Amino acid sequence: MKLIVLNLPRSLSEADMANLFKTFGEITAFNLVMDDETGSSKGFGFVEMKNGEEAEKAIEDLHGKKIEGRRIRVKTAH
DNA sequence: GTTGAGCGTT
């Protein structure tokens, strides 16, 4: 199950993003998209969960969650 | 050194 997480604070690191999801199950892949202009993140990334049900739970639990004072968005990716 | 909906860079 591939997930996309939007509206992340640009200050958030790749490791921080992984920590949000790994509590729900095993992550097989993840990456935070970086911006060439600023060198910081573009504010969104992808997460690949091994178990689909755990991925769905991660979505329901993390979507709208406040991270660094900001509400994030989590959906299934293409 | 900023930005704020979205489906990808080292």
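Just so it is clear, the model here is predicted, and its values are computed rather than measured. (Residues numbered from 1 in each chain as written. Chains lettered and ligands numbered in written order. Predicted model: local features only at pLDDT ≥ 70, side-chain atom pairs only at ≥ 80, totals over all residues. Heavy atoms only, no water.)

## Thoughts on the sheet that holds strand β3 (residues 41-49)
Each strand in a sheet pairs with its neighbour through backbone hydrogen bonds, running either in the same direction (parallel) or in the opposite one (antiparallel).
(1) Moving on: Spatially, the four strands line up as an open sheet ordered β2-β3-β1-β6, and their pairing is antiparallel. Whereas interior strands pair on both sides, the edge strands pair on one side only; in this sheet they are β2 (27-34) and β6 (73-76). Going across the sheet, the axis of each strand differs from the next one's by a mean of 20 degrees, ignoring polarity.
(2) Moving on: Here helix α1 (residues 14-22) sits on the sheet in contact with β1 (2-6), β2, β3 and β6, set at roughly 145 degrees to β2.
(3) Moving on: Those strands touched by helix α2 (residues 52-62) are β1, β3 and β6, and its axis lies near 155 degrees from that of β6. (Pairing = 2+ DSSP bridges. Helix = DSSP H or I, 4+ residues; strand = E, 2+ residues; numbered from the N terminus. Axes fitted to C-alpha atoms, helices over the stretch in contact; angles between N-to-C directions. Contact = heavy atoms within 4.5 Å.)

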